[in-house]
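Topology and contacts: notes
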Amino acid sequence: MKVGDEGCYSWHGSGLVIGPELIQIKYVLIQLFDSNCLHAQNATIRVSFVRSLFTKDMNLQDIGLFRVVLIGLVAGLVLGGCKDNATSEAPAAKVAPLGRMAVPVCLNEACGVVDETGKIIKQFTRDSVALYSTQFDSYFLVENGAWAMYGLDGAVLRRLEEGASVNELTPGLFAEVSEDKSRSVLFDAKGKDVFPEPFEELDYGGRHEFIVYQRNGLYGIINAKGEMVTPAQFDELSSNNIDLARQGGAVAAAKGKKPWVVLIDQKIARQVPFTTLDRASDGYIHAEVLKENDQRQGLLDLQGNIALAPTNALIGHPSPAGMVFFKKNLNSSTCGFMDLHGKVLIPAQFSGCSEFGAKSGAASTDAGYGLIDHTGKWLVPPHWITVNVPDNLWRGDLSARSMLIAHGGDVINGYTHAILDLDQGKVLFENQGYTELEVLDRDHIVFSREAESLLNPAIEDVEDKRIAVGLMDPAGKVLIPAKQYFRYQFDASRQFIVAFADRGLMGLHARDGRELVPAKWPILKILPGKNAVVGFDTADERDYFGFYAPNNVKALYRADGQEIFSVRKKPDSNQEELVGPGNRVIWPAAAKPVAL
């Protein structure tokens, strides 16, 4: 069995590339590329008054809880009445307190553990190695040459075998891998075995959304709850680096040469004629047969049943209107629209076809793209050069599937941009001077008006220059000005907007555009269940064992942006210090307490 690089699209199977390998080094890999974590390199709450209420030398060691509550109360009063000079903001919503957390932090070559208030619960020592779970519900320490798992109350939940490694597969489910890698045991967040018998191999699937196991040389699936989805019956299983949400929760598999599909949530496995799964939308999965001299397309429903058998026609993705575009074959010059069972609704008569919404679809002639109704009649005459689906659609976010970005004009007269609302059959923002338009969802439009508004004007290579873009609502009200970000994306919970800045930094905003966390860290991990946001700095290469280690944890915030603690450089020193509210030094040396 070969081991592939992390990031390669891979299959589990004899003689085929799998990956990445269960880590031999002894630490818990934090899942920063899971559905709740976004990497900035791929892609206003004001608390200054509150902080000014406390002096720099203030010590919260003895009255920490009281002060944290006090800060929250004062912040609520101040923020509730805070108004921007340019716009009026609604009072900030009441924010729940942080959930209980154990956060290992390493700095100055020492590691310790702090809780959600910034209180040290495991003292910093230079000989300790501490690692954490993705939800910060537990942590791991090396003791007497073996890993020990601790709970939030400091109790030992599990002691691993000497020489064994540990890997978190999905949030709260871990693999203990023997030193010779011949045996893997699945255990839960309480340190208890999930199944009585060990496995030959355990690996994560998707973006740490399910688990692939091996027994007797065959593969099966366990869901994120630790429940068996399929027995070990597959020779091959598509798993790593797939976008499970984009595929409708489905995974491609094979028994011998026969393709299968596994619906994880439904715990269904069926033999199907398709070898590859594409994007799912509106209850159907676009699937393909990709073999030598055999390239056909069709549709599956979310029970794994065949809705549209493989056909030589080139077909699009299902829409809310129950329509897909088609070409009779790959070489056809015209396209039309049909229903999800192959019945032609609009004959092939257009030179180009795109998505269809509740009221309209996009199609083109020699004059360009326009909007048509369900009979093929033009609602908006063709005049745009191209239309594109929103970027988020390719990442499995279907909230913008009925919105298209249209481009028109020419070099001499200037290019124009517009948004096509297929559900309403309307055109938005046309001829309003926007140089960039993109869609996050129906309520959030990405825009730029100035092509020369560059984030990095000093860079000479034109291809590396990035345009600053802002965020507005469908009425054109600016939510985030086009000043410091070049891309936006919702987090997995869709409660927050992640904003990507230059220099590989990431900021966090509320859905109404308010800044929560400034662009200070390359990675932000959002934990809605904990009401927390964790900042990481992957530029720090002083990892003990690998790419993700606790010395990359740099800050903890409440979901409303209140900073609980952060790591900062000491003035005129290469040393770091862990600092809490009011500039209180948590470690390495707490400041002396002062009177209120």
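A word on the overall build of the protein
- A count of helices and strands for the protein gives 2 helices and 51 strands.
- Scored against the burial criterion, the 596 residues of the protein give a buried share of 55%.
- Element-wise, carbon and sulfur atoms account for 51% of the exposed surface of the protein, whose accessible area totals about 26,500 Å².

Some details on the sheet that holds strand E8 (residues 130-132)
- One open sheet accounts for 4 strands, arranged E8-E9-E10-E11; its pairing is antiparallel. For this open sheet the edge positions go to E8 and strand E11 (156-159), each flanked by a neighbour on one side alone. Shown here is a sheet whose adjacent strand axes are inclined to one another by a mean of 30°, direction ignored.
- Pairing analysis gives 3 bridges linking E8 to strand E9 (residues 139-143), with the strands arranged antiparallel. Bridging across to E9, Ala130 finds its partner in Leu141.

A word on the side chain of Glu576
- Mapped onto the secondary structure, Glu576 falls in strand E50 (residues 576-580).
- A polar contact is formed between the side chain of Glu576 and the side chain of Lys554, at a distance of 3.2 Å.

Details of the pattern of salt bridges
- Applying the stated criterion across every chain, the model contains 19 salt bridges.
- Between Asp294 and Arg296 there is a salt bridge, with its nearest N and O atoms 2.8 Å apart.
- Between Asp441 and Arg494 there is a salt bridge whose closest N-O contact spans 3.3 Å. Of this pair, Asp441 sits in strand E38 (residues 436-441) while Arg494 sits in the loop between strand E42 (485-490) and strand E43 (496-501), and the two are 53 residues apart along the sequence.
- Take Asp441: its relative accessible area is 5%, and that puts it in the buried class.
- Here the salt bridges share partners, and the residues they tie into one network are Arg158, Glu176 and Asp193.

Overview of the sheet that holds strand E45 (residues 515-521)
- Strand order in the open sheet formed by 4 strands is E42-E43-E44-E45, with antiparallel pairing between adjacent strands. The open sheet has two edge strands with one neighbour each: E42 and E45. Pairs of neighbouring strands in the sheet enclose a mean axial angle of 20°, with direction left out of account.
- Alignment of E43 against strand E44 (residues 506-510), held across 5 bridges, turns out to be antiparallel. Considered in E44, the bridge of Val498 is made with Leu508.

Details of the environment of Thr386
- Along the chain, Thr386 turns up in strand E34 (residues 386-388).
- Linking Thr386 and Ile405, residues 19 residues apart in sequence, is a C-alpha distance of 8.4 Å.
- Sequence-distant contacts of Thr386, defined by excluding residues within four places in its chain, comprise Tyr369, Ile405, Ala406 and His407.

Some details on the state of the cysteines
- Within the structure shown, the criterion is met by 2 disulfides.
- Shown here is the disulfide that connects Cys106 with Cys111, its sulfur atoms set 1.9 Å apart. Its S-S torsion of about 105° marks the bond between Cys106 and Cys111 as right-handed, since a negative value means left-handed.
- Overall, the relative accessible area of 2% leaves Cys106 in the buried class.
- For Cys111, a relative accessible area of 1% translates into the label buried.
- With its sulfur 2.1 Å from that of its partner, Cys335 forms a disulfide with Cys353. With the S-S bond torsion at 100°, the cross-link from Cys335 to Cys353 turns out right-handed. With Cys335 in strand E28 (residues 335-339) and Cys353 in strand E30 (residues 352-356), the pair connects residues that are 18 residues apart, well separated along the chain.
- Classification of Cys335 as buried rests on a relative accessible area of 1%.

Rules used in this analysis
- Residues numbered from 1 in each chain as written.
- Predicted model: local features only at pLDDT ≥ 70, side-chain atom pairs only at ≥ 80, totals over all residues.
- Heavy atoms only, no water.
- Helix = DSSP H or I, 4+ residues; strand = E, 2+ residues; numbered from the N terminus.
- Buried < 20%, exposed > 50% of the residue type's maximum accessible area, 1.4 Å probe, protein only.
- Areas by Shrake-Rupley, 256 points an atom, 1.4 Å probe, with all protein chains shown as cover.
- Pairing = 2+ DSSP bridges.
- Axes fitted to C-alpha atoms, helices over the stretch in contact; angles between N-to-C directions.
- Polar contact = N/O pair within 3.5 Å; in protein donor to acceptor, adjacent residues only side chain to side chain.
- Salt bridge = Lys/Arg side-chain N within 4 Å of Asp/Glu carboxyl O.
- Contact = heavy atoms within 4.5 Å.
- Disulfide = S-S within 2.5 Å.

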